[in-house]
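In case you want the letters, here they are:
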Amino acid sequence: LGIVLGIVVPLVGAFGIAAAGFIPTDLVSEDLTVGIATESRAAVVVLGGLIAVHVLGLVDDRVPLPWLPKLLFMLAVPAIVAWQSDTRVLTALDGIVGGAWLSVLLTALWFAVTMNAINFMDNMDGLAGGTACVIAAAIAGVGLKQEQWLVAGAAACVSGAALGFLPLNFPRAKIFMGDGGSLALGFSLAFLTTRLTYVDTDGTDPRWDRIIIPFVLLAVPLYDMLSVVAIRLSQGRSPFLGDLQHLSHRFEGRGLSRPRVAVAVWTLTLIVGLGAVIVTDGSPAQSMVIAAQTLGALALLAVVERGMPWRGA
């Protein structure tokens, strides 16, 4: 609840102050004040979706829900948000498939994947909060470089909310995030990465290579989720049943203490996340280098994991 309030309260305050005309235009960019005024409806829809998935997480924290209705809810809410706020990925497909339905579907899938990736990382003290803090800070950097002030400001709120939670959640934690926090952070990161502008389809330089930015930003949580799902499937187990085979557990099993596991994952997230910031104003060739660098880092991690013996083995 503290994480969600840390995101919602400042955003509602900013939109309320702007709507009341209390922001002096000589202190902030005119683009920002106009943007806040024109995006008020979208903000209401998004914050409603954020609160909805937060409530889902709170219920699941109290009474564990079956995976299927939970997953369907995690698809339905983003689909509504994408449709009503016009926050969609690959909108260029609309003219090809005869409408926005495919874009809405892909956006809902991206939200569900991101929420589950952050939720999967909430398996050890400080891990999900610190990782989300780093990713949101990188998104704020990308937003600032692209002069997307609203995205940058919202990302700063998300990063600050996660950062404020960490002193109580770092090992040994005094309070736990639960699904109510991890799903809210995942939803926020999914929205922010969707809201960023990557391709200017109306311009002379569309820069399709920038589509790699969200995958680079979320490379570590995605690696954790995909690797643990692959491990469970290889063992003939359901990918939706929790266990102790996540990246963090594998680090711990090879000798790292829990505080060091958290710091190691944060650092890896920062290393690859900085590449996404560089892509923003780099050349297409530099984007490909960043993509190769990210894949190379994760491949090296996988090789090292397989080569290092389990502690006590």
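All figures in this text were calculated on a predicted structure; none of them were measured in a lab.

**Q** Help me out: how do you make sense of the nonpolar core in this one?
**A** Nonpolar side chains in soluble globular proteins tend to be buried together. By size, the foremost hydrophobic cluster in this structure holds 75 residues, and its most contacted members are Ile-7, Ile-139, Leu-185, Phe-187, Leu-189, Leu-192 and Val-265. Among the elements that line this core, the one with the most residues is helix α7 (residues 127-145), at 10 residues. Beyond its immediate sequence surroundings of up to four residues, Val-265 is in contact with Met-121, Leu-127, Thr-131, Val-220, Leu-247 and Phe-251.

**Q** Any chance you could explain unusual backbone geometry here in plain terms?
**A** Where the residue is not glycine, phi is negative for most of them; where a peptide bond is considered, it is trans in most cases. Cis peptide bonds are those with omega within 30 degrees of zero, and the linkage from Pro-171 to Arg-172 qualifies with -5°. Inspection of the secondary structure assignment puts Arg-172 in the loop between α8 (149-169) and α9 (178-195). Positioned with a positive phi, Leu-90 is a non-glycine residue whose angle comes to about 50°. Within the secondary structure, Leu-90 sits in the loop between α4 (67-85) and α5 (94-97). The backbone of Glu-147 sits at a positive phi, close to 60°, despite the residue not being glycine. Note on placement: Glu-147 falls in the loop between α7 and α8. Glu-147 gets classed as exposed once you look at its relative accessible area, which sits at 55%.

Thresholds, definitions, all that
Residues numbered from 1 in each chain as written. Predicted model: local features only at pLDDT ≥ 70, side-chain atom pairs only at ≥ 80, totals over all residues. Heavy atoms only, no water. Core = buried A, V, L, I, M, F, W, Y, C linked by side-chain atoms within 4.5 Å. Buried < 20%, exposed > 50% of the residue type's maximum accessible area, 1.4 Å probe, protein only. Helix = DSSP H or I, 4+ residues; strand = E, 2+ residues; numbered from the N terminus. Contact = heavy atoms within 4.5 Å.

The quantities given are spatial measurements derived from coordinates; they are silent on function.
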